[in-house]
Amino acid sequence: MLPPASTPATGAVVHAVVLTSGGVAGLRALLDAVAASSTRPDRVVVLDTTTSGSATDVADVVAAAQSHSFAISHVRLDPGMPDRAAVTHWVPSADLDDDDLVWLLPVGSIPEPRTLARLLAAHRRSPSVGLVGPKHVAAADPHTLRSVGINTTRSGRVVEDPPLGEPDQGQYDLRRDVLAIPLAGMLATAALLRELGGWESSFGDLGGDLDLGWRAQLAGRRVVVAPDARMRSVASVGLATATTGARRRAARRVALARSSWWAAPFVALWILVSALAAAIGLLLLKRPRAAAEAFGDLGGLDPVRGLLGRLRTRGRRQVRPGDIATLFVPGSDVVRSALDRAHEALVAPPRLPGEDTTEAQERSLVSQGILHPGVLTVLATIAVVAAAGREIGGGLLNRFGSGVTGGELITTRATSSSLWHAAFDGWHGTGLGGDGPASPSLALLAIPTWIVEHLPGSGDLASPAGAVVGGLLVLALPLAALSAYASARVLTTSRVVRAAAGLAWATTGAAGAAVAQGRLGALVALVLLPAVLAGVVLLARPAATATGAFATTLGAAVLGAFAPPLLLLVVIVCLGVAVAGTSVSRRLALVPAVVAPLLLGPWLADVAVDWALAATGPGLSQWGASGSGALHLALLHPGGAGSLPVWVGGLVIAAGLVGLLTPRPIRSTATAAALVGLASLAAVLASPHLDLTRQSTVDTGAVGVVTPWAGTFMLPLTLALLASAVLGVDVLRRRGRGVAVGALGLLALTGAGALGWFGFGDTLRTWSDPRPAVAVEQAAGELANRTVFVTPGPSGAAYRIVGRETGSLARSLPQSVAGDAVIASDVSRLLDGTRADAGPRLAEQAVGFLAVAQGAGDDVSRRLDSAQGLSRLASRDGFDVWRIAALGNATNRAVAPTRLSIVTGGDPTPVATTGEHGATETTVTARQGDLLTVAEPAQWARHATVEIGGRQLVATPGADRPTYALPTGTHELTIDVRAEHGWWRLLQGLAVLVVGFLAIPFGTRASRRRR
């Protein structure tokens, strides 16, 4: 039998009302806790709203809990009625005096023995107190806070204060007046509940409690919290936080309902603006779920539900809304909290000074850096590059300043602007140009080129793009070693093993040949391929994140721009993960598999027309026979400069095969590495037999067969072999592991030593512009003329046209020269002297200089010396150079042939050219009958827009070059070479920005997994 307890030391009668919508499970514990209170209520009433099957259980629990000193009343109400509706329904019919107190106790809450006594003490402090609430702590851990009143802003934004899970250290024990309190443990006067009409059901649980407290405040009754009165409650009881979108919207509707009629529109506007701003900010912080919740706040602006709730709960106000302004959370606190959370999302928390301190961390930063295996790997690779590049012509600084040419590289005076136009304009390329496909790598190269152009001292660079490529040639292998070292973290935590793998990756296989032969796409792949495949490995694991998926997507897209065959490999691997991975991995692996190719934009349409574009890339084609048989290719020997002896490749293969012998599950990274290696080996062996020009309309007679470079597929083969070796080492223990680590390190040192010893050869050399300075100046200036380089051969003269435009920076597939063929007859007849006006005809095509190889013979030189309009200049770099005079006899004619001209009675007047392939913006004055001529092929007109005075002109039909009739007067002339697929390009750019933003890793990895 329970001992007698003291009665409340107040004249008011206390009615403990037990609410059972939470079920029967905690009812007996709640009744026992009430009976054990140091101050017992006068009456105990159980409002039974359980289903019919559970009603008997409630009655049984009530009968078992009561005694002659602890009487309990059992009141049966409608089954399923919510707690707040049950109290609202019971109060008007209950035998309650106005001074009586109602103590609400839902099942799931347990009051501590002195809770009621302290609630009563708080109620007695002031006659204006109408509602008193306890401090809620977690039922499972009484030292953890759940709520100390309900806190909100004036616009109904519920503030989590204290935060869920904060320990109870008495930090909130001075809190008294609050706006509202939760239902659980609430001590309320009966008169106030009758006056307010109970809870408004449309506001739900948290919103109903907030509304009841708000209305009590406006009615002139205080709402206080007694922090010393503790109530233990489960998660669904004692709510003071908007844990769902419905609760957030309900709180917003409460704020609108309790606002005065004139303030409500302004509150609604603030809710709209703040919700949109919060949602956009959360999206920028990559918190899509939280952003969706913020957008959901707009549902609180529902005018119908808000108005009905306002009408049903209208009552006489005793105080003005401004009189309770101090109870609201200030907006500055909300902003400060939001900024703190934004900082947590952006920046990982710092490690405390004494946290996990080890001897290695206590060493100086310099000593740690010098002895770090990753740093040692990069330094060793730099030494190898310096030793291997000893035969490349020109100094190291010259390679950075002027660029490198030779091998597969095509170096010109390329700038970021010319690269950008070459990537996007409908008419692009060197010489007279064309409308063929352009590599997406050109647009990517324009970005670092633009950065180089804006560096201090960059004005002296002969070719900013060449400087970027030259820098990549020097730094590719060190960056590849660093990339492999960092990426191997997904395979092993051993820094020594990762360092050995990184050094081996940068010095064996096709790495040396990629540098020595100037294979631009392979250089980029050396850096990106380890990181991209490491990203795929992470996507296959349970801890995969969306950030990792989009980062892998972005890396795969860049890889595909430079090495399309390797993008295809990444897509296949991702599809394999989507098939064999976990449910999370399947969804995330599809992101790079689908989105990465789409980021390449209109280039996909070019691939649909010519599949060979997907089998090669800049510098990834083999023009002519490679000289390596199948066995040499299988032993990682691509042939040509920079290729290591086959025994080095044999060591790499042996290491990979030994690693595969270690026992592993079928569904493992080792199995995936083996499958990637087999597929890559098949591609290596098949590549010499795949003729990329079989269906091409381009004449390749002088070139011979063009196939994919086998070294492209050696890269993933080498990476798979090294990954297998690393995984094999990682499973070994004790002495066997030490031997394996030593063997892997010896392999890496052997490869590095072999590359440094045999070197890159002398295929590459530092680039210098072969044109005379005057030709360079006129090509870059307003004349925008061209230089033709002629090299006679046994079957005829070969020539190339050099102007201000830029094409691909490395050979890929043979390009159509149909545009350049316009001057073929004139060049040939000028050399053999059979056409007197060949020089002026070249001037019509803006050819201002002719350079002929000195091996052409004296007869050719004599004919050119006597040719009409030609005058000899000083020879340069093995070429004899002639200047071609401008057309016409007018006194204001140009000093040299020009790209744009206004023809008046047969005499041309130069027009300033400011862009690529005749693009310009300038002012011209035309007379009656004047014509504008453009020194471009006739097909150029289909890709260009010519406007004068805002009116578009149409090219004259049948002219051998674009010609336009000009209106008389002075007008603004605008010539624009249109970009192809404008809307597609715009969507592509937006997609790249979105994927790039989603790939930024904000906060910690654990926080990114919770999004």
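Since the structure is predicted, the reported quantities are computational estimates derived from the model, not experimental observations.

Draft legend 1. Focus on the overall build of the protein. Scanning the protein from terminus to terminus reveals 36 helices and 28 strands. Compactness check: the protein gives a C-alpha radius of gyration of 40 Å against a globular reference of 30 Å for 1011 residues, more than 25% above the reference. Along the first, second and third principal axes, the C-alpha atoms of the protein reach 130 × 85 × 55 Å. Just so you have it, the protein exposes about 44,100 Å², and 61% of that area is on carbon and sulfur atoms. Charged side chains of the protein number 85 positive and 73 negative; the gap between the two group centres comes to 6 Å.

Draft legend 2. Structural detail: the pairing of strand E20 (residues 879–884). Taking burial as the measure, the six residues of E20 include five buried ones, the bulk of the element. Two successive antiparallel strands, strand E19 (residues 870–872) and E20, enclose a turn made up of six residues, where Asp877 displays a positive phi of approximately 50°.

Draft legend 3. Molecular detail of the sheet that holds E19. The sheet built from five strands is open, its strands ordered E17-E16-E18-E20-E19 with mixed pairing. In the strand order of this sheet, the two ends are held by strand E17 (796–802) and E19, each with one partner. Mean inter-strand twist for the sheet, computed between neighbouring axes without regard to direction, equals 25°. Inspection of the sheet shows E19 paired to E20 by three bridges, in the antiparallel sense. Note on E20: the bridge partner recorded for Ser871 is Arg883. Lying over the sheet, helix H31 (residues 773–780) contacts strand E16 (786–793), strand E18 (847–853) and E20, oriented at roughly 145° with respect to E18.

Draft legend 4. Structural detail: unusual backbone geometry. Of note, the amide linkage connecting Asp161 to Pro162 takes the cis form, showing an omega dihedral of 10°. Mapped onto the secondary structure, Pro162 falls in the loop between strand E9 (158–159) and strand E10 (187–189). Even without glycine at this site, Asp877 takes up a positive phi of about 50°. As for its placement among the helices and strands, Asp877 is situated in the loop between E19 and E20. Of note, the phi angle at His917 is positive, near 50°, even though the residue is not glycine. Relative to the elements of secondary structure, His917 occurs in the loop between strand E22 (907–911) and strand E23 (920–926). For His917, a relative accessible area of 2% puts it in the buried group.

Draft legend 5. Expanded view of the pattern of salt bridges. According to the stated counting rule, one finds 30 salt bridges in the structure shown. In this structure, Arg232 engages Glu112 in a salt bridge whose closest nitrogen and oxygen atoms are separated by 3.3 Å. With Arg232 in strand E11 (residues 222–233) and Glu112 in the loop between strand E5 (109–111) and helix H4 (115–124), the pair connects residues that are 120 residues apart, well separated along the chain. Residues Arg786 and Glu936 are paired through a salt bridge, measuring 3.0 Å at the closest nitrogen-oxygen approach. Of the two residues, Arg786 sits in strand E16 while Glu936 sits in the loop between strand E24 (931–934) and strand E25 (944–948), which places them 150 residues apart along the sequence. In this structure, Arg786 and Glu936 share a single accessibility class: buried. Salt bridges linked by common partners bring Glu112, Lys135, Asp168, Asp173, Arg230 and Arg232 together as one network.

Draft legend 6. Region of interest: helix H3 (residues 83–90). Regarding H3, the residues found buried are Asp83, Arg84, Ala86, Val87 and Trp90. Taken end-on, H3 shows its buried residues confined to a sector of 160°, consistent with a single buried face. Contacts made by the buried residues of H3 are with strand E1 (14–19), strand E2 (43–48), strand E4 (101–106) and helix H6 (204–218).

Draft legend 7. Focus on the packing of helix H21 (residues 520–539) against helix H29 (residues 710–731). In contact at an axis separation of 10 Å, H21 and H29 are set at 40° when each is read in the N-to-C sense. Put simply, H21 runs oblique to H29. Handedness of the crossing formed by H21 with H29: right-handed. Contacts from Ala522, Ala525, Leu526, Leu529, Pro530 and Leu533 of H21 reach H29 at Leu715, Pro716 and Leu719.

Draft legend 8. How the structure looks around the packing of helix H19 (residues 495–507) against helix H30 (residues 734–758). Where H19 contacts H30, the axes come no closer than 8 Å and their chain directions differ by 25°. Judged by the angle between their axes, H19 and H30 are roughly parallel. Here H19 runs over H30; the crossing is left-handed. Listed contacts from H30 to Val496, Val497, Ala500, Leu503, Ala504, Ala506 and Thr507 of H19 are Arg737, Val741, Leu744, Gly745, Ala748, Leu749, Gly751, Ala752 and Leu755. Its residues assigned to classes, the contact of H19 with H30 shows 12 nonpolar, three polar and one charged.

Draft legend 9. Representation of the environment of Ala563 within the structure. Residue position: Ala563 is located in the loop between helix H22 (546–562) and helix H23 (564–580). The class of Ala563 is buried, set by a relative accessible area of 0%. Among residues more than four places away in sequence, those in contact with Ala563 are Gly521, Ala525 and Leu620.

Draft legend 10. Looking closely at a nonpolar patch on the surface. A grouping of Leu269, Trp270, Leu272, Val273, Leu276, Ile280, Leu283, Leu284 and Phe295 is seen on the molecular surface, where their side chains present a nonpolar patch of about 820 Å² in accessible area. Examining the composition of the nonpolar patch, we find that eight residues originate from one element, helix H8 (residues 264–284), more than from any other. Checked against the element boundaries, Leu272 lands in helix H8. Judged by relative accessible area, which is 34%, Leu272 ranks as partly exposed.

Draft legend 11. Seen up close, the nonpolar core. In this structure, Leu477, Trp505, Leu526, Leu715 and Phe760 are the most contacted members of the largest nonpolar core, which totals 115 residues. The element contributing the most residues to this core is H29, with 14 residues. In this view, Leu526 contacts Leu477, Ala480, Trp505, Ala511, Ala514 and Leu715; residues no more than four positions away in its chain are not counted. If you look at the next biggest cluster of nonpolar residues, it comprises 34 residues, including Leu19, Leu77, Leu193 and Ala219.

Draft legend 12. Seen up close, the packing of aromatic side chains. Scanning the model with the defined rule gives three aromatic pairs in all. Arranged with centres 4.6 Å apart and planes meeting at 65°, the rings of Trp420 and Phe424 form a pair that is edge-to-face. Of this pair, Trp420 and Phe424 both sit in helix H16 (residues 416–424), four residues apart, which is roughly one turn of the helix. Judged by its relative accessible area of 43%, Trp420 is partly exposed. On the basis of relative accessible area, Phe424 is assigned to the buried category, the value being 18%. The positively charged end of Arg800 is found above the aromatic ring belonging to Phe789, 4.7 Å away from the centroid. Across from the ring centre of Trp623, 4.4 Å away, lies the NZ or CZ of Arg811, which sits over that ring.

The rules behind each value
Starting afresh in each chain, residues are numbered from 1 along the sequence in its written order. In keeping with the model being predicted, local features are shown solely for residues with a pLDDT of at least 70 and side-chain atom pairs are shown and tallied solely at 80 or more, while totals for entire chains, interfaces and linings include all residues. The side-chain numbers reported here are obtained from all heavy atoms of the structure, hydrogens and water having been left aside. Only DSSP runs of H or I covering at least 4 residues are called helices, and only runs of E covering at least 2 are called strands; the numbering of each starts at the N terminus. The globule rule used for comparison is 2.2 Å times the number of residues to the exponent 0.38, while the radius of gyration itself is calculated over C-alpha atoms. For accessible areas, the Shrake-Rupley method is used with a probe of radius 1.4 Å. Any residue's cover is judged against the shown protein chains and nothing else. For the charge count, each Lys or Arg is scored as positive and each Asp or Glu as negative, with His and the chain ends excluded. Where a charge lies is defined by one atom per residue type: Lys uses NZ, Arg uses CZ, Asp uses CG and Glu uses CD. Classification of residues uses two cut-offs on accessible area relative to the type maximum, computed with a 1.4 Å probe and protein chains only: under 20% is buried, over 50% is exposed, and between them is partly exposed. Any two strands with at least two DSSP-identified bridges between them are counted as paired. To obtain an axis, a line is fitted to C-alpha atoms, over the contacting stretch when the element is a helix, and the angle between two such axes runs from 0 to 180 degrees between their N-to-C directions. Two residues qualify as a contact provided that any one of their heavy atoms is within 4.5 Å of a heavy atom in the partner residue. Salt bridge, as used here: a side-chain nitrogen of Lys or Arg that lies within 4 Å of a carboxyl oxygen of Asp or Glu. The reported arc concerns the directions from the helix axis to the C-beta atoms and nothing else. Throughout this description, any angle smaller than 35 degrees is read as roughly parallel, any larger than 145 degrees as roughly antiparallel, any in the 65 to 115 degree range as roughly perpendicular, and the remainder as oblique. Left-handed describes a crossing whose near helix is turned anticlockwise from the far helix by less than a right angle; the clockwise case is right-handed. All amino acids are sorted into three groups, where Ala, Val, Leu, Ile, Met, Phe, Trp, Tyr, Cys and Pro are nonpolar, Asp, Glu, Lys and Arg are charged, and the leftover types, Gly among them, are polar. Nonpolar side chains (Val, Leu, Ile, Met, Phe, Trp, Tyr) are joined into patches within 5 Å and like charges within 9 Å, using only residues with over 30% relative accessible area and no salt bridge. Buried Ala, Val, Leu, Ile, Met, Phe, Trp, Tyr and Cys residues that are joined via side-chain atoms within 4.5 Å together make up what is termed a nonpolar core. Each pair of aromatic rings taken from Phe, Tyr and Trp, with Trp reduced to its six-membered ring, is defined by centres within 6.5 Å and is described as stacked if the planes are under 30 degrees apart, edge-to-face if over 60, and tilted in the remaining cases. We call a charge positioned over a ring when the NZ of a Lys or the CZ of an Arg lies within 6 Å of the ring centre and within 35 degrees of the ring normal.

Purely spatial values, then, with no claim about function.
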